[in-house]
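Chain by chain, the residues:
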Amino acid sequence: MSEKALLKVNDLQVNYGAVQALRGISLEVHAGEVVTMIGGNGAGKSTLMKALSGLEPAATGSILFEGQDITRLPGHLRVPLGIAQSPEGRQVFADQTVRDNLMLGAYHRKVSRQALDEDIEAQFDAFPRLRERQDQMAGTMSGGEQQMLAIARALMAKPKLLLLDEPSLGLAPLIVKEIFAIIRGLQQKEVTILLVEQMANQALAVADRAYVLETGRITMQGAGRELRADPKIRAAYLGSH
Ligand code: ATP
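This one's a predicted model, so the numbers in the text were calculated from it and none came from an experiment.

A.B. asks: Sorry, what's going on with the site of the ligand here?
C.D. replies: Close contacts around the ligand come from 13 residues, with Asn41, Gly42, Ser46, Thr47 and Glu166 the closest. When isolated, the ligand has an accessible area of 630 Å², and the protein chains bury 62% of it. A total of three residues in the shell around the ligand trace back to one element, the largest contributor, which is helix 1 (residues 45-53). Here the shell around the ligand is composed, by residue class, of three nonpolar, seven polar and three charged.

Below is the structure:
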């Protein structure tokens, strides 16, 4: 099983000075899977995403993507390999239009303008609200719309692996529902996703497999539905006993 992993992380450690944010974690993501990493505040979820996209260096351990060791590869060289991230807090380019944000998502692809326009149309089909707002400055949109844009922008890179960092953060419950419906739609299209979330209930419901991260260590793993039914998970993350 592990030989075919699209992403394989082995004993990864990341430190911020004396703070050990990731204390040796190992995980796998296979093509076509939605895998989630749940964990509370400060568990290390964003640090994991930053390590995968090359924004934080690994102290020890390794990251393999399609069997290639990318542990020391700079972030901008990971995007062309097929790793794209929708970052925590969306981080859209506020002073650029929706359409320009989408174009920027494809900055590394050497394809014609026409091909890019077609890809943008495909994103507009998937996210009709972005079509309506294509000439609007991204910073003037609602949080939910910006989240959709961040996901669509990452998809413009045509990633083999989509990293979603807390897409529900700061959004109203109805919008969170919409975001998870989008994730389900991507799952049906067999987009491979690693999703980190504090919204454990929704994340576990959508995930094929899941890991639980606690203070930099993976403490549980299993099928999304299994973990969702687990009494320890229910008590710690789902607010019921
Ligand atoms: P949240 O859901 O609150 O964003 P998280 O699970 O994403 O939490 P991280 O942001 O990865 O957690 O943080 C993991 C640990 O590393 C925390 O103890 C945090 O305080 C610490 N940390 C994160 N960024 C830095 C930094 N730049 N400098 C020092 N410590 C940091």
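So, next bit.
A.B. asks: Can you help me understand the environment of threonine 36 in this one?
C.D. replies: Here threonine 36 shows up in strand 3 (residues 34-38). Distance from threonine 36 to leucine 116, taken between C-alpha atoms, is 30 Å for residues 80 residues apart in sequence. With residues up to four places along the chain from it excluded, the contact list for threonine 36 reads Leu195, Glu197, Ala203, Leu204, Ala207, Arg209, Ala210 and Tyr211.

A.B. asks: Please explain the pairing of strand 10 (residues 217-223) as it appears in this structure.
C.D. replies: Regular strands have side chains that alternate between both faces of the sheet. Judged from the six bridges that link them, strand 9 (residues 209-214) and strand 10 form a sheet pairing that is antiparallel. What sits directly across from arginine 209, in strand 10, is alanine 223. Following strand 9, the chain reverses through two residues before pairing antiparallel with strand 10; threonine 215 in that reversal takes a positive phi of roughly 35°.

Calculation rules
Residues numbered from 1 in each chain as written. Predicted model: local features only at pLDDT ≥ 70, side-chain atom pairs only at ≥ 80, totals over all residues. Heavy atoms only, no water. Near = heavy atom within 4 Å. Areas by Shrake-Rupley, 256 points an atom, 1.4 Å probe, with all protein chains shown as cover. Helix = DSSP H or I, 4+ residues; strand = E, 2+ residues; numbered from the N terminus. Nonpolar A, V, L, I, M, F, W, Y, C, P; charged D, E, K, R; others polar. Contact = heavy atoms within 4.5 Å. Pairing = 2+ DSSP bridges.

Distances and angles like these do not, on their own, reveal function.
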